[in-house]
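Notes for the structure review
Residues per chain are reported as follows:
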Amino acid sequence: EYDPAVTRNAAQAFDARTGNCLSLVIMTGAFAKEMGLPVRFQNVAVDETYSRSGDIQYAIGHVNLTLGVTPNGIAFRNHGVDPLIVDFLPPEDLKGVKMRVIDEATVVAMYMNNRAAEALARGQYPDAYAWAKEAIRQDPDFTSSYNTLGAVYQRAGRTADAERAYAYAIERDPRNTAAMSNRALVLDQLGRRDEARQLRQKLAVIEPEPPFAAFNRGLAAIRAGDYRTARDQLEKEAVRSADYHEVHFWLAVAYAGLGDAGEAQPHLTLARENSTTRQDRELYAAKLQRIKSGTH
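To start, this report covers the structure provided alongside it.

What counts, and where the lines are drawn
Residues numbered from 1 in each chain as written. Predicted model: local features only at pLDDT ≥ 70, side-chain atom pairs only at ≥ 80, totals over all residues. Heavy atoms only, no water. Axes fitted to C-alpha atoms, helices over the stretch in contact; angles between N-to-C directions. Helix = DSSP H or I, 4+ residues; strand = E, 2+ residues; numbered from the N terminus. Parallel < 35°, antiparallel > 145°, perpendicular 65-115°, else oblique. Left-handed = near helix turned anticlockwise from the far one by under 90°. Contact = heavy atoms within 4.5 Å. Nonpolar A, V, L, I, M, F, W, Y, C, P; charged D, E, K, R; others polar. Salt bridge = Lys/Arg side-chain N within 4 Å of Asp/Glu carboxyl O. Buried < 20%, exposed > 50% of the residue type's maximum accessible area, 1.4 Å probe, protein only. Polar contact = N/O pair within 3.5 Å; in protein donor to acceptor, adjacent residues only side chain to side chain. Pairing = 2+ DSSP bridges. Expected span 1.5 Å × (residues − 1). Arc of directions from axis to C-beta.

1. Some remarks on the packing of helix α11 (residues 227-240) against helix α12 (residues 245-257)
As a packed pair, α11 and α12 sit with axes 9 Å apart at the nearest point and diverge in direction by 155°. Relative to α12, the element α11 is oriented roughly antiparallel. Relative to α12, α11 is oriented so that their crossing is left-handed. Contacts from Y227, A230, R231, L234, E235, E237 and A238 in α11 reach V247, W250, L251, V253, A254, Y255 and G257 in α12. Of the residues assigned to the contact of α11 with α12, the class counts are 10 nonpolar, 1 polar and 3 charged.

2. Considerations on the pattern of salt bridges
In the structure shown here, the tally under the stated rule is 16 salt bridges. Across the salt bridge formed by D3 and R8, the nearest N and O atoms sit 3.2 Å from each other. A relative accessible area of 16% places D3 in the buried class. Assessed through its relative accessible area of 15%, R8 is described here as buried. A cluster of three or more residues bridged by salt bridges with shared partners is formed by E163, R183, R192 and E195.

3. Describing the side chain of H62
Tracing the chain through its elements places H62 in the loop between β3 (56-60) and β4 (63-67). Taking relative accessible area as the criterion, H62 reaches 11% and is therefore assigned buried. Within the structure, the side chain of H62 is placed 2.9 Å from the side chain of D87, a separation counted as a polar contact. Once residues lying within four places of it in the same chain are set aside, the contact partners of H62 are C21, Q42, N43, V44, V46, D87 and L89.

4. Points about the pairing of β4
The element β4 is extensively covered by neighbouring structure, given that 5 of its 5 residues are classed as buried. Every second residue of β4 is oriented toward a common face, with V63, L65 and L67 on one face and N64 and T66 on the other, all of them buried. Alignment of strand β1 (residues 39-44) against β4, held across 5 bridges, turns out to be antiparallel. Residue pairing across strands places R40 opposite T66, the latter belonging to β4. Summarising the sheet, β4 and strand β5 (residues 84-86) pair through 3 bridges and their orientation is antiparallel. Considered in β5, the bridge of L65 is made with V86.

5. Some words on α12
Taking 1.5 Å per residue, 13 residues should reach 18 Å; α12 reaches 19 Å between its end C-alpha atoms and fits that length. Taken as a whole, α12 has its buried residues at H245, V247, H248, F249, L251, A252, A254 and Y255. Just past α12, the residue G259 takes up positive phi, approximately 80°.

6. Side note on the sheet that holds β5
Read from one edge to the other, the open sheet built from 4 strands follows the order β5-β4-β1-β6, with strand pairing classed as antiparallel. Looking along the sheet, the strands with just one partner apiece sit at the ends: β5 and β6 (99-102). Averaged over all adjacent pairs, the angle separating strand axes in this sheet is 35°, with direction ignored. The sheet contacts of helix α2 (residues 21-35) involve β1, β4 and β5, and relative to β4 the element is tilted by about 25°. Packed on one face of the sheet, helix α4 (residues 104-121) meets β1, β4 and β6 and runs near 95° to β6.

7. Brief notes about unusual backbone geometry
Of note, the phi angle at R17 is positive, near 60°, even though the residue is not glycine. Its location among the elements puts R17 in the loop between α1 (10-16) and α2. Since its relative accessible area comes to 53%, R17 is described here as exposed. Positioned with a positive phi, F212 is a non-glycine residue whose angle comes to about 70°. Relative to the elements of secondary structure, F212 occurs in the loop between α9 (193-206) and α10 (213-223). Residue F212 is classed as buried on the basis of its relative accessible area of 0%.

8. Overview of helix α5 (residues 125-138)
For α5, with 14 residues, the first-to-last C-alpha span of 20 Å sits near the 20 Å given by 1.5 Å per residue. Buried within α5 are the following residues: A128, A132, A135 and I136. Looking straight down α5, one finds its buried side chains confined to an arc of 100°; they lie on one side. Along α5, exposed side chains directed more than 90 degrees from the buried face belong to P126 and R137. The inward-facing, buried residues of α5 contact α4 and α6 (144-155).

9. Description of the environment of A221
Looking at where A221 falls in the secondary structure, it is placed in helix α10. Each C-alpha atom of the pair A221 and D232 lies 10.0 Å from the other, and the pair is 11 residues apart in sequence. Those residues within four positions of A221 in sequence are excluded, and the remaining contacts are D226, T229 and A230.

See the structure below:
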């Protein structure tokens, strides 16, 4: 079962029978290695989605693997099976989608970078630092790790180190919008406001509508009691972050504020289905029951 709450290693994913797409790839790749079955790891070019925990935002990509195919594309059929894509997405959703072959080292770096981000969200800065540094060692070309390292430095109060990490990520990937946004913040903190302003101007060209901009406008509208504007802004965010549970929860709040319990109900259902913790699922289930019983 798909579970984005934590990135598990192969043994943990097998034991729990749940995991995110990276955990599924790691577990399946471990089995394939043991069996001597050729594996090709792939980065899938789907639209990037976003989630957040507190004030930390996450960009979520997608990976899968193909069994029975070597990295150079040669199929091995002497194993008695045709090449098989292993993915949470159904095959019809992958038709026409571009997939870029990645090295096993990149998969390992992705895993460690995820673990770093998860430790950062828990406030475990030494663990986050160790995971991020090891991710960089595993694959120096995986630029997301430099951004994560910068975030660790920033949270730990090492602002100058954070700025250097973000700058290096941008040097390696000039369109890394997460690193650009983060670097602009620390440049302000360092008193380098002209550089921050110039960087934000570049960022506005690349990404006119930042992640969660509409979401934040929607929350502001709810606080002001303007449920119609809140609904419009949150519907806009839902197009970009369709699987993020808080978007649907606050959409339900906006519809309830407009007196439309019929529209609030399906969004609460989506909030419950997409939530990543038992506490959130129980909260949304209780609110959904109240709406169904007419006591909201």
